[in-house]
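Chain by chain, the residues run as shown.
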Amino acid sequence: MSDQASNPNTIVSDRKRFLRFFIPSVLGLMLFLMPVTRNGELTVMLGLYVDWMILNYNDLLMRIVVWITVFSAILGGYCLIFKPKWKENRPLLYAMAETTPIWFLLRAAGASIGIMVLFEIGPEILRLEDTGFVMFNDIGIGFFLIVIPGCFLMPLLTEYGAMDFIGVMAAPLFKRAFNLPGRSAVDAISSFVSSSLVGIMLTSQQYQRNRYTGREAVAIVTNFSVVSVPFALVIATVSGIGDVFFLWYFASMIACVACAIITVRIPPISRIPDIYKDGTVSNNNEDTNQHQNIILRGVDIAMKTADNAPPVKRSAKLATHMSMEQLFAVLGPSLALGTMTTILAFHSPVGELIGTPISWIISLFNVENAKYIAPGFVFGFLDQFIPAVIASNIEGDVMRFVLAGLSMCQIIFMSETGVIILRCGLPIKFSQLLQIFIIRTLIVIPILLIFALIIF
């Protein structure tokens, strides 16, 4: 037992160390996690900034997003063809340009669609309001606005002890229920209140710095990167179930918790090695000593983390590297996949064909328009908007409730979170992501259906 953890006077008297932990941590919690009300709607400070930027600079932001995808494709093509030795000499350029042939094609597709949307040229189906335009104008701008401040401000949560303090408080619960370290509670809260993108970046950063093992990081991003509270309100409104929002949100959270409890204990997650990024093996030694005062222990561990926080210059350099890598490696492929998904779902017979087996199943429950509803269960893997959009166009309250819940609970969708998970260096493959998505869907549907039948 350390002297600091057992003697309250030591902590109080060491004001500099305490304030070095306390001030940045509180600021980070306020920026990312503290709910604020604006015009009667719940959001966070980061959400206020995003809304203000969109309100005042939407056209400019659209152009920025498009040109980022274009430069991303150019850099990726140059890297593939000429193979410059940037990894050691120019690591930032390397992070922005490094790609594979498949990912380059997605970058090129994103850039091409962006040019068509911006200049209103090319096939109309690629730039309709419910295809390319909505992806670039809504998803692309939102992604751009969240990534940069998220990367630069995240150290307030990760480097000054906030995660460690909350981790000590939550360790017993998270260890027993999810077989995860307590600090993962911060990732979960970041996603619930702020953004699933923030939660994924937070976890990826912690994995890169050997705070999580590969298994822990994958378990967290595939179970706790739930869409934020503000977006949950949007889903409920679009789906036409706003009048039962709190019951629906409660049901969705129950379904997510059930998924987390189950999926972390079965393949493929359970088979991912408990090894840190540097190759060392986890010894599961997170402090859970119940004989110490839990608050004093949390403050003690948090102050030790704050003592080792990197200098501001180094932190800014890492944030620049991470934000540019996300924007150039992820943005174009995400928007290309999202556009193709909306075309398949809304403007082709593919959605109906793929959803046929599911439509047979749900038709057994006397659900009307089963063929129209079924794609919502499948295309959520490609884009999270699809289930909610389909829900907005059907009559039955039960199916609207379930489809809206899928937008919340499926978590893995390739137009954004799936691409980010695959590109942020975590030890997981596309096939494993697909398996986890199917398992989550099978767990979530009956839970949401039971709640819907009780409520309606």
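Residues numbered from 1 in each chain as written. Predicted model: local features only at pLDDT ≥ 70, side-chain atom pairs only at ≥ 80, totals over all residues. Heavy atoms only, no water.

J.: Hey, could you run me through the overall build of the protein chain in this one?
T.: Helices and strands together make up the secondary structure of the protein chain, namely 25 helices and two strands. A compact globule built from 456 residues should have a C-alpha radius of gyration of about 23 Å, and the protein chain, at 22 Å, falls within 12% of that. With respect to the three principal axes, the spread of C-alpha positions in the protein chain is 70 × 60 × 45 Å. Residues counted as buried form 54% of the 456 residues belonging to the protein chain. Here the contacts in the protein chain between residues at least 6 apart in sequence split such that 75% fall between residues at least 24 apart. Carbon and sulfur atoms provide 65% of the accessible area of the protein chain, an area that totals close to 20,300 Å². Side chains of the protein chain carry 31 positive and 30 negative charges; the gap between the two charge centres is 11 Å. (Helix = DSSP H or I, 4+ residues; strand = E, 2+ residues; numbered from the N terminus. Rg over C-alpha atoms; globule rule 2.2 N^0.38 Å. Buried < 20%, exposed > 50% of the residue type's maximum accessible area, 1.4 Å probe, protein only. Contact = heavy atoms within 4.5 Å. Areas by Shrake-Rupley, 256 points an atom, 1.4 Å probe, with all protein chains shown as cover. Lys, Arg positive; Asp, Glu negative; His and termini not counted. Charge placed at Lys NZ, Arg CZ, Asp CG, Glu CD.)

J.: Help me out: how do you make sense of the layout of surface pockets in this one?
T.: Space left empty within the atom packing is revealed by a probe, the size of a water molecule, rolled over the atoms. Roughly 880 Å³ of internal volume is contained in the second largest pocket. Residue lining of the second largest pocket: 32 residues in total, with Gln-208, Leu-318, His-321, Met-322 and Glu-325 positioned closest to the centre. Taken together, the elements giving at least two residues each to the lining of the second largest pocket come down to helix H6 (91–97), helix H12 (196–208) and helix H17 (312–346). A total of ten residues in the lining of the second largest pocket trace back to one element, the largest contributor, which is H17. Residues belonging to the lining of the second largest pocket are distributed by class as follows: twelve nonpolar, ten polar and ten charged. (1 Å grid on protein atoms, 1.4 Å probe; cavity = no way out; pocket = protein on both sides within 12 Å on 5 of 7 lines; lining within 4 Å. Points joined across faces, edges and corners; volume = space filled by probe spheres on them. Nonpolar A, V, L, I, M, F, W, Y, C, P; charged D, E, K, R; others polar.)

J.: Help me understand the packing of H12 against helix H13 (residues 214–221) in this model?
T.: To characterise two packed helices, one gives the angle between the axes of the helices and the distance between these axes. Two elements in contact, H12 and H13, have axes separated by 10 Å at closest approach and are oriented at 180°. By the angle class used here, H12 and H13 are roughly antiparallel. Each of Ile-200, Thr-203 and Tyr-207 in H12 lies in contact with H13, whose residues at this interface are Gly-214, Ala-217, Ile-220 and Val-221. Tallied by class, the residues present in the contact of H12 with H13 amount to five nonpolar, two polar and no charged. (Axes fitted to C-alpha atoms, helices over the stretch in contact; angles between N-to-C directions. Parallel < 35°, antiparallel > 145°, perpendicular 65-115°, else oblique.)

J.: Can you help me understand the environment of Cys-424 in this one?
T.: If you trace the backbone, Cys-424 turns up in the loop between helix H24 (417–423) and helix H25 (430–455). A C-alpha to C-alpha distance of 18 Å links Cys-424 and Leu-382, two positions 42 residues apart in sequence. When residues no more than four places from it in sequence are discounted, the contact partners of Cys-424 are Ser-204, Gln-208 and Gln-326.

J.: Any chance you could explain helix H8 (residues 132–153) here in plain terms?
T.: Structurally, the α-helix is built with 3.6 residues per turn, so residues lying three or four positions apart point the same way. When the terminal C-alpha atoms of H8 are compared, their 30 Å separation across 22 residues agrees well with the 32 Å that a helix rising 1.5 Å per residue should span. Considering bend angle alone, the principal kink of H8 is centred on Gly-140 and spans about 30°. Judged by how many residues are buried, H8 sits mostly within the fold: 16 of 22 residues are covered. (Expected span 1.5 Å × (residues − 1). Bend = angle between axes of the 7 residues up to and from the residue.)

J.: Before we go on, may I ask you to explain the pattern of salt bridges in this structure?
T.: Between side chains of opposite charge, pairing is possible as soon as their charged atoms come close. One pass over the structure, following the stated rule, counts seven salt bridges. Here Asp-307 ties to Arg-17 by a salt bridge, and the two come within 2.7 Å at their closest N and O atoms. Here the residue Asp-307 occupies a position in helix H16 (residues 294–307), and Arg-17 occupies one in helix H3 (residues 15–32), the gap between them amounting to 290 residues. By relative accessible area, which is 16% here, Arg-17 ends up buried. Of the charged contacts in the structure, one is a salt bridge between Glu-159 and Arg-209, with a shortest N-O distance of 1.8 Å. Of this pair, Glu-159 sits in the loop between helix H9 (155–158) and helix H10 (162–178) while Arg-209 is found in the loop between H12 and H13, placing the two residues 50 residues apart along the sequence. (Salt bridge = Lys/Arg side-chain N within 4 Å of Asp/Glu carboxyl O.)

J.: Is there a simple way to explain the state of the cysteines in this structure?
T.: Two cysteines form a disulfide when their sulfur atoms are joined by a covalent bond. Within the structure shown, the criterion is met by zero disulfides. For the unlinked cysteine Cys-151, the closest cysteine sulfur is that of Cys-424, found at 11 Å. For Cys-259, which is in no disulfide, the shortest distance to another cysteine sulfur is to Cys-256 and amounts to 6.3 Å. (Disulfide = S-S within 2.5 Å.)

J.: Honestly, the nonpolar core in this entry has me stumped. Any pointers?
T.: Within soluble globular proteins, side chains that are nonpolar tend to cluster in buried spots. Judged by nonpolar contacts, the single largest core of 127 residues is most densely connected at Phe-136, Phe-143, Trp-248, Phe-377, Leu-403, Met-408 and Leu-426. Broken down by element, this core gets its largest block of residues, twelve residues, from helix H4 (residues 45–82). The residues touching Phe-136, leaving out its near neighbours within four places in the chain, are Met-62, Val-65, Val-66, Thr-69, Gly-110, Ile-113, Gly-114, Val-117, Ile-141 and Leu-335. Within the second largest apolar cluster, seven residues are counted, among which are Tyr-160, Ala-302, Ala-306 and Ala-309. (Core = buried A, V, L, I, M, F, W, Y, C linked by side-chain atoms within 4.5 Å.)

J.: Which parts of the structure should I look at to understand the packing of helix H15 (residues 245–263) against helix H23 (residues 397–409)?
T.: Their axes nearest at 10 Å, the elements H15 and H23 cross at an angle of 50°. With respect to H23, the axis of H15 lies oblique. Both H15 and H23 take part in a crossing whose hand is right-handed. Residues Leu-247, Trp-248, Tyr-249, Ala-251, Ser-252, Met-253, Ala-255 and Cys-256 of H15 pack against Phe-401, Ala-404, Gly-405, Met-408 and Cys-409 of H23. Within the contact of H15 with H23, the residues separate by chemical class into eleven nonpolar, two polar and no charged. (Left-handed = near helix turned anticlockwise from the far one by under 90°.)

J.: Would you take a moment to explain helix H7 (residues 101–119) for this structure?
T.: Taking 1.5 Å per residue as the helical rise, H7 with its 19 residues ought to reach 27 Å, and the 27 Å between its terminal C-alpha atoms agrees with that figure. If you check which residues of H7 are buried, you get Trp-103, Arg-107, Gly-110, Ala-111, Ile-113, Gly-114, Met-116, Val-117 and Leu-118. At its buried positions, H7 is contacted by H4, H6, H8, H17 and H24. Just downstream of H7 lies Glu-120, where phi reads positive at about 55°.

J.: Explanation requested: the confidence of the model for the protein chain in the structure shown.
T.: Atom-level detail of predicted coordinates should not be read off regions where pLDDT is low. Looking at the protein chain as a whole, its pLDDT mean stands at 84, while 91% of the residues score no less than 70. Confidence, read as mean pLDDT per element, is least for helix H1 (residues 3–6) in the protein chain (48) and greatest for H7 (95). (pLDDT = per-residue confidence, 0-100.)

J.: Would you take a moment to explain a nonpolar patch on the surface for this structure?
T.: There is a patch of nonpolar side chains on the surface, built from Leu-19, Phe-22, Ile-23, Val-26, Met-30, Met-34, Met-45 and Leu-48 and spanning about 600 Å² of accessible area. Those elements that provide at least two residues to the nonpolar patch are H3 and H4. Ranked by residue count, the leading element in the nonpolar patch is H3, at five residues. By secondary structure assignment, the location of Met-30 is in helix H3. The exposure class assigned to Met-30 is partly exposed, which follows from its relative accessible area of 32%. (Patch = residues over 30% accessible without salt bridge, like charges linked within 9 Å, V, L, I, M, F, W, Y side chains within 5 Å.)

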